[in-house]
Amino acid sequence: MAKNEDLILTIDSDAEYDNISESSEEEAEEAVSVKSKKKNNNNNNNKKSKAGKHGKANLEEAEAEEDDDEARGEMNLDFQFSLGDDLNEIKDWEVEEPAKDIDLNEIIKKKRESKKDGNGDDEEDDGDEDEDASESEEDDEKEELKAAGKNGQAGDDDEDENEDEDEEEEVDTKEDLDNFYESQETNTSASALKSKTFQELQLSRPILKSLQQLGFTVPTPVQASTIPIALLGKDIVASAQTGSGKTAAYLIPIIERLLYVKNSTSTKAIILTPTRELAIQVHDVGRKLGQFVSNLNFGMAVGGLSLKQQEQQLKTRPDIVIATPGRLIDHIRNSPSFSVEDVQVLIIDEADRMLEEGFQEELTEILSLIPKQKRQTLLFSATMNNTKIQDLVQLSLNKPIKVSIDPPRTVASKLEQQFVRIRKREELKPAVLYLLLKKLEGRTVVFTRTKVEAHKLRIILGLLGLTVAELHGALTQEQRLANVKAFKNNVNVLICTDLAARGLDIRIEYVINYDMPKTYEIYTHRVGRTARAGRKGTSISFVGESMQDRNIVKNAIQFNSRSVARKIDWDEVEKIQTKIKSNEGAIEEVIEEEKQAREIMRAEMQLNKAENLMKYEKEIKSRPKRTWFKSEVMEHLTKHGKKVNAKKRKANEERKEEGKERSYKKTKADRTKSKTKAKSSSKKRK
């Protein structure tokens, strides 16, 4: 049938037209009247707020001022945002209640009570230090500290020279730096940027309102430097000391950018962090900064928490996803509704740690999946100055601008560093720690070298009557988050490994280095947990006789003049040590009881698992098999993300077929055997 171009659709009768026009006019008038009422109410409220305490007398003046503001296009400083009930109650850590687990505090409490019943009431040890300790001992401590710090080079000159030579070899040439970084570079001292305000950064009204509610009026130096550059869409490599506000420095530009994205139905920004705790903290800060921005959604993809709940959250395609590398790859591969094709901004927090051996392959995989063309990449850390160019090249940065605030290797100016010379009294360290914790008032983080030591210290201090929490890799994710939450609320002491050396942003008054770290860089991250955001803080370090400990003390004194030797009453320490020795049997009993309880709990879990497998066998087997990054990608990647050569890949495949995956290097006998086998197989083919 041919199309009739002359055909015009009309209304059949005039009556129908009259009805439609009348009804539409009535609806329109009703809508206009409702709208005008709302507008008048809003205008009246604004006028009343402008009139303030003076009441109706100044209402006309307020109206005139408002008209002038609108004419000039200036910001109305009395503008008030309407807060919903859900925004007034921002959840603290956004985690579920921890799963059923062993209550170690209850075990310790029972053991203490049984010991009291057996030995009578123990005398409370107040742990007060003797104020009249001999001055000669204090002088001796100070002299030894100076010897460890300023004259610690004696007998170690050769080692320092070798280290200097190594550093010279690792430093990139000026040509490499010029080719990699953009000519523009910001290297500013903290005092030079204090005059700026957030209003001067030309931020949107919702973000300014969030900052005002959080109590932030003046940006920190790293925020003042990086926010304008990030808003221009340029790549950044930024380094600033711990506690300088790096998290807000990259979150504010992301949120500002998303304000101008209309009808976003995909993830636009991904923030990568090395630890789960840091990811949760960034999520918390992001929600607070974006609380007045409508339709801004945050998602999380971290290991240790419920995989199904994260999948459900990622199905909604949140605007910003905060993730740890391994779990992000898992979701990209196995969650069909989650995609990174539209990601425009990639943030790598604590970038120097992410570039270490453990994260190289994951980063390479993630960068291969996120489109490079429109991507803006921002790197933030406290020690990026030591990162070599070849480590950054793999991140596909496009002429990044380097931002360095304050000299590298420095700690906060309001941090007081105290040192306790342990000498050859390593066995007295738990007693010294207990004595200090009894004296200190405020939240304290204690760093140990191993998770076994951290757990044992928790039991020792618990039996002595102190309530402490622990944080290390041997705990489940639920336990770790529950312990951090307890530390924020009602527990004053947290014993942890270097897991918490970065990113833990809780107001902490004291940091105790029970075991000295391996490097000065790790030391700066540890003590950076206190004296944050311009507050005062104290670090106390137990210094041994090793040259490694002495070198860290030397650097600490060199970069911060506020370093002193702490006086310890060793007689009091000996008394506490006697008490700890009397509890040795109880310590072993608590460890054994906890071990047995865990075995019982593990057996119950296996039983439940078997029951579920029998009950839902068909449903479980029908699910698609998950693919894992480590099994497929790792063997094809090296340190810098290059493919393994064909010979090595073929050798790996042969070993897999034989089921003999060797962890040692091939010997002459192995090579001869493989050659003989290859010759015999070639003869058979002929």
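Basis of the calculations
- Residues numbered from 1 in each chain as written.
- Predicted model: local features only at pLDDT ≥ 70, side-chain atom pairs only at ≥ 80, totals over all residues.
- Heavy atoms only, no water.
- Helix = DSSP H or I, 4+ residues; strand = E, 2+ residues; numbered from the N terminus.
- Buried < 20%, exposed > 50% of the residue type's maximum accessible area, 1.4 Å probe, protein only.
- Contact = heavy atoms within 4.5 Å.
- Areas by Shrake-Rupley, 256 points an atom, 1.4 Å probe, with all protein chains shown as cover.
- 1 Å grid on protein atoms, 1.4 Å probe; cavity = no way out; pocket = protein on both sides within 12 Å on 5 of 7 lines; lining within 4 Å.
- Points joined across faces, edges and corners; volume = space filled by probe spheres on them.
- Expected span 1.5 Å × (residues − 1).
- Patch = residues over 30% accessible without salt bridge, like charges linked within 9 Å, V, L, I, M, F, W, Y side chains within 5 Å.
- Salt bridge = Lys/Arg side-chain N within 4 Å of Asp/Glu carboxyl O.
- Lys, Arg positive; Asp, Glu negative; His and termini not counted.
- Charge placed at Lys NZ, Arg CZ, Asp CG, Glu CD.
- Axes fitted to C-alpha atoms, helices over the stretch in contact; angles between N-to-C directions.
- Parallel < 35°, antiparallel > 145°, perpendicular 65-115°, else oblique.
- Left-handed = near helix turned anticlockwise from the far one by under 90°.
- Phe/Tyr/Trp six-rings, centres within 6.5 Å; stacked < 30°, edge-to-face > 60°.
- Lys NZ or Arg CZ within 6 Å of the ring centre and 35° of its normal.
- Pairing = 2+ DSSP bridges.
- pLDDT = per-residue confidence, 0-100.

### Description of the overall build of the protein
From N to C terminus, the protein includes 27 helices and 15 strands. Each of the 686 residues in the protein was classed as buried or not, and the buried ones make up 42%. A sequence separation of at least 24 residues applies to 79% of the contacts in the protein between residues at least 6 apart. Element-wise, carbon and sulfur atoms account for 47% of the exposed surface of the protein, whose accessible area totals about 40,100 Å².

### Topic: the layout of surface pockets
Considering only enclosed or pocket space, the second largest pocket measures out at about 1,200 Å³ in volume. Asp101, Ile102, Thr476, Gln479 and Arg598 are, among the 37 residues lining the second largest pocket, the residues nearest its centre. Elements represented by at least two residues in the lining of the second largest pocket include exactly helix 4 (104-119), helix 18 (451-463), strand 11 (468-471), helix 19 (477-489) and helix 23 (584-615). Of the residues forming the lining of the second largest pocket, the biggest block, 10 residues, is contributed by helix 23.

### Topic: helix 19
Under the 1.5 Å per step criterion, the end-to-end length of helix 19 is 18 Å for 13 residues, consistent within 8% with the ideal 18 Å. Listing the buried residues of helix 19 in full gives Gln477, Gln479, Arg480, Leu481, Asn483, Val484 and Phe487. For helix 19, the elements touching its buried residues are helix 11 (276-289), strand 10 (444-447), strand 11, strand 12 (493-496) and helix 23.

### Section: a negative patch on the surface
A contiguous patch of negative charge on the surface is contributed by Glu584, Glu588, Glu592 and Glu599. Inspection of the secondary structure assignment puts Glu584 in helix 23.

### Comments concerning the packing of helix 13 (residues 325-334) against helix 15 (residues 360-369)
For any two helices packed against each other, one specifies the crossing angle of their axes together with the interaxial distance. The contact between helix 13 and helix 15 brings their axes to 10 Å, and the two run at 40 degrees. By the angle class used here, helix 13 and helix 15 are oblique. When you trace helix 13 past helix 15, the crossing you get is left-handed. Facing Pro325, Leu328, Ile329, Ile332 and Arg333 of helix 13, the residues of helix 15 in contact are Glu362, Glu365, Ile366 and Leu369.

### Thoughts on unusual backbone geometry
Of note in this structure, Gln202 is not a glycine but carries a positive phi near 60 degrees. Within the secondary structure, Gln202 sits in the loop between strand 1 (185-188) and helix 8 (205-214). The class of Gln202 is exposed, set by a relative accessible area of 64%. With phi around 55 degrees, Arg423 is a residue other than glycine that occupies positive phi space. Positionally, Arg423 belongs in the loop between strand 9 (415-421) and helix 17 (429-439). On the basis of relative accessibility, which here comes to 22%, the residue Arg423 falls in the partly exposed class.

### Regarding helix 21 (residues 547-559)
Spanning 13 residues, helix 21 covers 18 Å between terminal C-alpha atoms, matching the ideal 18 Å at 1.5 Å per step. Of the residues making up helix 21, those classed as buried are Asp549, Arg550, Asn551, Ile552, Val553, Lys554, Asn555, Ala556 and Ile557.

### Notes on the packing of aromatic side chains
The geometry of two aromatic rings is summed up by the distance between their centres and the angle between their planes. Under the definition given, this model contains 4 aromatic pairs. On the numbers, 5.7 Å between centres and 25 degrees between planes, the contact of Tyr520 with Tyr523 is stacked. Residue Tyr520 and its partner Tyr523 are located together in helix 20 (residues 520-527), separated by 3 residues, close to a single helical turn. Among the aromatic residues, ring-to-ring pairing joins Tyr520, Tyr523 and Phe559 into one connected group. The ring of Trp570 has Arg425 sitting right over it, with the charged end atom 3.6 Å from the ring centre. Its guanidinium or amino end placed over the ring of Tyr514, Lys429 lies 4.6 Å from that ring's centre, counting from NZ or CZ.

### Here we look at the sheet that holds strand 14 (residues 537-543)
Pairing within the open sheet is parallel, and its 7 strands lie in the order 11-12-10-13-14-9-15. With one partner strand each, in any of the chains shown, strand 11 and strand 15 (563-565) form the two edges of the open sheet. For this sheet, the mean inter-axis angle between neighbouring strands, taken without regard to orientation, is 20 degrees. Examined bridge by bridge, strand 10 and strand 12 share 4 bridges and lie parallel to one another. Bridged to Val446 within strand 12 is Ile495.

### Description of the pairing of strand 14
The side chains of a regular strand alternate, first on one face of the sheet and then on the other. The buried fraction of strand 14 amounts to 7 of the 7 residues, a majority that puts the element mostly inside the structure. With burial as the criterion, each face of strand 14 is covered, one bearing Gly537, Ser539, Ser541 and Val543 and the other bearing Thr538, Ile540 and Phe542. With 7 bridges connecting them, strand 9 and strand 14 associate as parallel partners. Its bridge partner lying in strand 14, Gln417 is registered against Ser539. In the sheet, strand 13 (residues 510-513) pairs with strand 14 via 4 bridges, with the strands oriented parallel.

### A closer look at the environment of Pro206
Mapped onto the elements of the fold, Pro206 is located in helix 8. Separated by 83 residues in sequence, Pro206 and Leu289 have C-alpha atoms that sit 8.8 Å apart.

### Concerning the environment of Arg502
As for its placement among the helices and strands, Arg502 is situated in the loop between strand 12 and strand 13. Arg502 sits in the buried class, given a relative accessible area of 12%. Separated by 224 residues in sequence, Arg502 and Leu278 have C-alpha atoms that sit 7.6 Å apart. Those residues in contact with Arg502 that lie beyond four places of it in its chain are Glu350, Asp352, Arg353, Ser381, Thr383, His525 and Arg529.

### Structural notes on the pattern of salt bridges
Under the definition given, this model contains 11 salt bridges. Salt bridges sharing common partners tie together Glu426, Lys429 and Asp515.

### Here we look at the pairing of strand 12
Burial along strand 12 is two-sided: Val493 and Ile495 facing one way and Leu494 and Cys496 facing the other are all buried. Note: strand 11 against strand 12, 4 bridges, orientation parallel. Residue pairing in the sheet places Glu470 in a bridge with Ile495 of strand 12.

### Focus on the confidence of the model for the protein
Residues of the protein with pLDDT of at least 70 account for 66%, and the chain-wide mean is 75. Averaged pLDDT values over the elements of the protein bottom out at 38 in helix 3 (residues 85-88) and peak at 97 in strand 13. With pLDDT under 50 throughout, residues 1-29 is counted as low confidence; its partners more than four residues away or in other chains account for 2 contacts.

### A word on the environment of Pro221
If you trace the backbone, Pro221 turns up in helix 9 (residues 221-231). Each C-alpha atom, one on Pro221 and one on Ser244, is 7.7 Å from the other, the two residues being 23 residues apart in sequence.

### Re the side chain of His331
Tracing the backbone through its elements, the reader meets His331 in helix 13. Residue classification places His331 among the buried residues on the basis of a relative accessible area of 0%. With residues up to four places along the chain from it excluded, the contact list for His331 reads Ala301, Leu307, Gln310, Glu311, Leu314 and Phe338.

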